[in-house]
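What follows is the residue order along each chain.
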Amino acid sequence: MLAWYDRHRRNLPWRAPPGTHPDPNRVWLSEIMLQQTTVATVGPYFDRFVARWPDISALASASLDEVLQLWQGLGYYARARNLHACARAVVERHGGAFPDEAEALRALPGIGDYTAAAIAAIAFGRRDAAMDGNVERVVARLYAVRQPLPAAKPRLRALAAALVPDDRAGDFAQALMDLGATICTPRRPLCVLCPWRSCCAAAASGGAEDLPARAAKPERPLRHGVAFWLTRADGAVLLRRRPENGLLGGMIEIPSTPWRTAAWSFAEAVEAAPAAVVWSPLPGTVRHGFTHFRLELAVVAGIGVADGIWTPIERLADHALPTLMKKVARHAISAPAANPYTGSAASAANSGRSLSTASRTGMKERR
């Protein structure tokens, strides 16, 4: 495996060149960014982060808003909050140097079992098994483990740990990641090119593509909400900061109702609005997918004042808006306002129909 890696290793911006010692800061930053995100997506973000904050002390000195701003579009924003908290913890607790053992690394914000093992192995050569999705797939096929994930994770971790060599543990960890990403792929694995083909149980049985087995995922539930596009007479739009804890914590957002299973009626939405103004439903619905649920947001527009963060529409990009809120902004800017007292909006208010249903009905009529 190591001989294969020496010939075929990927050239990634966070990887130390052969024969040089890895920078723990770059290893950590890349591993946090790569959680739930592809290498192709992470590359430009990684380059921008290290250009702006070349070491962990510089990152620790930055504000959370600056970090969230540069993170925009990468998703899973809890990672950005934990990244910032971890940088400060490393500076405060460890004098700016990462601890070199997995147990101590796990005590830092945002570092779980996999990330701790990856940093310990890659940055410090510790004999730890870093189990990401690529490695799980490689090991499941190598040993033909047919128990479905996630129940199979402990067994796969034990099997992977037994494979780690005493020397070059970091290179071995990265070799397994590369093998899973380029050869032992989820679909149509290139078994003929695999350095472990002769000892792979799944390849011998011809069932590599069927592994690892996965338990059926339940359908993601649908939630509903209403976003409030409030502008002042000077054209500025109202924003607010979400609570630090929870989904999109600490991010800047366009105010909205809570997100719930039942759709919102127009009258209910107005009760939850940030200002007592005339609200006009906008046609259409903003749809967004999160890991555990789908979201549909109706959007209503109004003119008035309220407490919050006011910014000119052309300066929205200066704020750390998550992708969902960018969708809401684009929707509000491009959609003509509807009169809340006529047409579908009035019908919704009078009949108790949901606001999202009324908006969709209105769009159908206009077609």
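This part takes up the nonpolar core. Judged by nonpolar contacts, the single largest core of 103 residues is most densely connected at W28, M33, F49, W71, L83, W229 and W259. Ranked by residues supplied to this core, first place goes to helix α8 (residues 113-124) with 9 residues. V226, W264, A273 and W310 belong to the second largest nonpolar core, which has 15 residues in total.

In this section: the pattern of salt bridges. Applying the stated criterion across every chain, the model contains 18 salt bridges. A salt bridge links R126 to D100; the shortest N-O distance between them is 3.1 Å. Residue R126 is found in the loop between α8 and α9 (133-142), and its partner D100 is found in the loop between α6 (78-94) and α7 (102-106); the two are separated by 26 residues along the sequence. One salt bridge in this structure joins E101 and R126, with 3.8 Å as the shortest N-O distance. Here the residue E101 occupies a position in the loop between α6 and α7, and R126 occupies one in the loop between α8 and α9, the gap between them amounting to 25 residues.

Looking at helix α5 (residues 64-71), one finds that the buried residues are L64, V67, L68, L70 and W71. What you see down the axis of α5 is that its buried residues fit within an arc of 165°, all on one side. Each element contacted by the buried residues of α5 is listed here: α2 (24-33), α3 (39-52), α4 (56-61) and α6. Directly after α5, the chain includes G73, whose backbone phi takes a positive value near 95°.

It is the contact of α9 with helix α10 (residues 153-163), at a shortest axis distance of 10 Å, that shows an interaxial angle of 85°. Viewed along their axes, α9 and α10 adopt a mutual orientation that is roughly perpendicular. Note on element contacts: α10 touches α9 through K153, L156, L159, A160 and L163, opposite E136, V139, A140 and L142. Looking at the contact of α9 with α10, its residues break down into 7 nonpolar, no polar and 2 charged.

Here α3 spans 20 Å end to end across 14 residues, near enough to the 20 Å set by a 1.5 Å rise per residue. Within α3 the residues assigned to the buried category are V42, G43, Y45, F46, F49 and V50. Close packing links the buried residues of α3 with α2, α5 and α6.

Scanning all chains against the criterion turns up 9 aromatic pairs. Ring centres of F49 and W53 lie 5.2 Å apart, and the angle between their planes is 65°; this geometry places the pair in the edge-to-face category. Per residue, the accessibility class of F49 equals that of W53, and both read buried. Centre to centre, the rings of W259 and F293 are 6.4 Å apart; their planes meet at 55°, and the pair counts as tilted. Taken as a pair, W259 in the loop between β3 (252-253) and α13 (266-271) and F293 in the loop between β5 (286-289) and β6 (294-303) lie far apart in primary sequence, 34 residues in all. When its relative accessible area of 6% is taken as the criterion, F293 is described as buried. Through successive ring pairs, a cluster of aromatic residues spans F49, W53 and W71. One Lys or Arg, R48, reaches over the ring of Y45 and ends 4.6 Å from the middle of that ring. Just above the ring of W259 sits the side chain of R242; from NZ or CZ to the centre is 5.0 Å.

Below, the discussion takes up a nonpolar patch on the surface. A surface patch of nonpolar side chains, amounting to about 290 Å² of accessible area, comprises L190, V192 and L193. By secondary structure assignment, the location of L193 is in the loop between α11 (169-182) and α12 (201-205).

Conventions we followed
- Residues numbered from 1 in each chain as written.
- Predicted model: local features only at pLDDT ≥ 70, side-chain atom pairs only at ≥ 80, totals over all residues.
- Heavy atoms only, no water.
- Core = buried A, V, L, I, M, F, W, Y, C linked by side-chain atoms within 4.5 Å.
- Buried < 20%, exposed > 50% of the residue type's maximum accessible area, 1.4 Å probe, protein only.
- Helix = DSSP H or I, 4+ residues; strand = E, 2+ residues; numbered from the N terminus.
- Salt bridge = Lys/Arg side-chain N within 4 Å of Asp/Glu carboxyl O.
- Arc of directions from axis to C-beta.
- Contact = heavy atoms within 4.5 Å.
- Axes fitted to C-alpha atoms, helices over the stretch in contact; angles between N-to-C directions.
- Parallel < 35°, antiparallel > 145°, perpendicular 65-115°, else oblique.
- Nonpolar A, V, L, I, M, F, W, Y, C, P; charged D, E, K, R; others polar.
- Expected span 1.5 Å × (residues − 1).
- Phe/Tyr/Trp six-rings, centres within 6.5 Å; stacked < 30°, edge-to-face > 60°.
- Lys NZ or Arg CZ within 6 Å of the ring centre and 35° of its normal.
- Patch = residues over 30% accessible without salt bridge, like charges linked within 9 Å, V, L, I, M, F, W, Y side chains within 5 Å.
- Areas by Shrake-Rupley, 256 points an atom, 1.4 Å probe, with all protein chains shown as cover.

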